[in-house]
2 protein chains.
Amino acid sequence: MSKIPVLEIFGPTVQGEGMAIGQKTMFIRTAGCDYSCSWCDSSFTWDGSEKENINWMTAEDVWNRLVELGGDTFSHITISGGNPALLPSLGPIVDFLKDKQMTLALETQGSKWQTWLPLIDEVTLSPKPPSSGMNTDFDVLTNIIQQLEHHPKTCLKVVIFDEKDLAFAETVHQKFPQIPFFLQVGNSWLNADDGSLLQHMLNRYEWLIDETMKSKVFKNVKVLPQLHAFVWGNKRGV
Amino acid sequence: MSKIPVLEIFGPTVQGEGMAIGQKTMFIRTAGCDYSCSWCDSSFTWDGSEKENINWMTAEDVWNRLVELGGDTFSHITISGGNPALLPSLGPIVDFLKDKQMTLALETQGSKWQTWLPLIDEVTLSPKPPSSGMNTDFDVLTNIIQQLEHHPKTCLKVVIFDEKDLAFAETVHQKFPQIPFFLQVGNSWLNADDGSLLQHMLNRYEWLIDETMKSKVFKNVKVLPQLHAFVWGNKRGV
Ligand code: SF4
Ligand code: SF4
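It should be emphasised that the depicted structure is a prediction, and the values quoted were computed from it without experimental measurement. (Residues numbered from 1 in each chain as written. Chains lettered and ligands numbered in written order. Predicted model: local features only at pLDDT ≥ 70, side-chain atom pairs only at ≥ 80, totals over all residues. Heavy atoms only, no water.)

Chemist: Lay out the relation of the copies chain B and chain A in plain terms, naming residues and giving numbers.
Modeler: Each of the two chain copies can be brought onto the other by rotation about an axis and movement along it. When chain B is fitted to chain A, the best match, at an RMSD of 0.0 Å, comes from turning it 180 degrees and sliding it 0.0 Å along the axis. Taken together, the rotation angle and the small translation identify this as a two-fold axis. Both copies present the same face, since 100% of the interface residues in chain B are matched by interface residues at the equivalent positions in chain A. (Least-squares fit on C-alpha atoms with pLDDT ≥ 70 in both. Contact = heavy atoms within 4.5 Å.)

Chemist: Pulling in residues and values, what's your account of helix 2 (residues 90–99) of chain B?
Modeler: All names here are of chain B. The complete set of buried residues in helix 2 reads Leu90, Gly91, Ile93, Val94 and Leu97. End-on, the buried residues of helix 2 take up no more than an arc of 165 degrees, which puts them together on one face. Those residues of helix 2 that are buried are in contact with strand 1 (4–14), strand 2 (24–30), strand 3 (55–57), helix 1 (59–70), strand 4 (76–80) and strand 5 (103–108). At the C-terminal side of helix 2, Gln101 shows a positive phi close to 65 degrees. (Buried < 20%, exposed > 50% of the residue type's maximum accessible area, 1.4 Å probe, protein only. Helix = DSSP H or I, 4+ residues; strand = E, 2+ residues; numbered from the N terminus. Arc of directions from axis to C-beta.)

Chemist: Could you give an account of the UniProt feature "binding site: substrate" (unreviewed entry) in chain A, naming the residues involved and the relevant values?
Modeler: Residue and element names in this part refer to chain A. Within this numbering scheme, the UniProt entry marks Val14, Gln15, Gly16, Arg29 and Ser80 as carrying the feature "binding site: substrate" (unreviewed entry). Among the secondary structure elements, Arg29 is positioned in strand 2 (residues 24–30). Beyond its immediate sequence surroundings of up to four residues, Arg29 is in contact with Pro5, Val6, Leu7, Glu8, Ser42, Phe44, Thr45, Ser80 and Gly81. A distance of 3.4 Å separates the side chain of Arg29 from the side chain of Ser80, its partner in a polar contact. In this structure, Ser80 sits in strand 4 (residues 76–80). On the accessibility criterion, Ser80 (14% relative accessible area) is buried. (UniProt positions renumbered as here; feature names shortened; annotations may be inferred. Polar contact = N/O pair within 3.5 Å; in protein donor to acceptor, adjacent residues only side chain to side chain.)

Chemist: Tell me about the sheet that holds strand 4 of chain A, and please be specific about residues and values.
Modeler: All names here are of chain A. Here nine strands make up an open sheet; going across it, the order is 3-1-2-4-5-6-7-8-9 and the pairing mixed. Both edges of this open sheet fall to strand 3 (55–57) and strand 9 (222–224), since each of them pairs with a single strand only. Going across the sheet, the axis of each strand differs from the next one's by a mean of 30 degrees, ignoring polarity. Sitting on the sheet, helix 1 (residues 59–70) touches strand 1 (4–14), strand 2, strand 3 and strand 4, and the angle it makes with strand 1 is about 25 degrees. (Pairing = 2+ DSSP bridges. Axes fitted to C-alpha atoms, helices over the stretch in contact; angles between N-to-C directions.)

Rendered as structure tokens:
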């Protein structure tokens with residue numbers, strides 16, 4: 001029986017960012033990442049600090065836990081990480097959840113292809129900008145985007161901390177102009193208290209809006225903050 | 001030459017709500033409404049208070065003003081009101097803007113049909129809940145939704161102030177389960193200062209999230225605040 005390493009299952013809650021912002025959804029967070037972004041807000045999925053909390057779960061285990069938490073109140077599930085696209089074994093679980101008529105969303109940095117990716121209803125590809133310290137392999141990303149060409153809901157999302165990140169985002173948008181494009185405010189104040197975090201996030205959002213409004217490259221794009229950080233600060237599992 | 005009554009043209013800015021939340025866009029606000037919602041946040045479009053500011057503009061007037069403000073930085077335009085669907089004369093202007101390769105979004109309460117509606121790329125139908133004091137004519141709304149059946153981006157949005165509004169929203173969602181559905185936090189503190197408005201909005205958003213999470217009717221829906229009120233309070237023209 002195919003199993004995946006799960007670190008958290010929670011919900012129903014609201015997706016706070018990207019193409020499905022505001023969406024009522026359940027979250028499945030898988031363990032493991034091939035990146036180590038400097039500002040990763042879920043480094044516990046890959047830095048070993050929560051190794052002992054990893055649960056190896058079958059499709060049925062996952063489904064039972066979802067129903068235990070969400071009862072009969074949900075039909076949308078978000079698979080997040082870490083990088084869930086590291087897991088070939090996610091395929092049977094995706095099949096299982098589609099059989100249950102669920103709408104599935106997934107986020108990955110776009111560093112690995114999996115044959116089950118086209119079965120995901122909403123695919124967010126989020127290549128990491130220079131401030132992360134990571135390098136994007138554009139051959140792999142291009143190949144993924146080509147394979148998802150006729151997929152109705154694929155989008156690109158780039159998190160922005162500074163001007164260099166903005167320049168990177170322009171490059172990505174120009175390479176793939178046909179893919180809906182999201183700019184997202186970086187959340188670097190992981191240890192701030194909620195009040196100052198909120199004000200900081202609003203200031204950074206206003207800065208990102210101003211930059212985007214001036215740009216001739218970013219015409220038909222969306223600029224968003226992390227809405228969940230407004231509501232819940234940096235709390236986990238909400 | 002066909003003209004429309006315009007009260008404001010501004011942008012580029014960010015759409016703060018609904019299906020295009022975060023979208024970089026230009027705004028055209030038309031004058032006139034067939035409703036008079038108790039909590040209308042743009043009553044100046046229909047209560048006579050800004051009658052002398054109404055500008056009757058041709059398509060070319062509108063386009064020139066857009067370019068004057070936005071230069072070469074935009075390709076998305078939002079037509080808002082009042083109720084822009086009151087205006088048969090909007091048709092030639094829609095044609096003109098589509099010829100310019102613009103993506104068009106429009107919001108209406110869904111009380112009037114216009115033959116140009118299918119030419120709008122993103123149509124938001126926002127029937128008004130009981131707290132507005134208005135009554136929805138469901139025959140008209142149903143007819144509009146049927147005519148837009150094969151339109152790729154039609155959505156329903158209901159603003160929520162209280163439990164009765166929530167019950168109304170459930171009814172609407174159940175009548176049209178196939179149409180993407182948005183619940184939006186009502187903004188009733190028009191005269192609050194920005195700090196208390198923000199805290200109030202966050203509290204109301206959290207309340208609406210809680211109610212939606214419990215619901216078995218609202219499964220695959222989105223719950224959103226008015227993001228622009230977070231950033232700019234109740235300022236106009238941003
Ligand atoms: S790709 Fe995502 S999960 Fe992996 S290190 Fe970067 S931010 Fe963290
Ligand atoms: S339909 Fe919209 S513009 Fe008209 S009165 Fe109601 S809120 Fe105001």
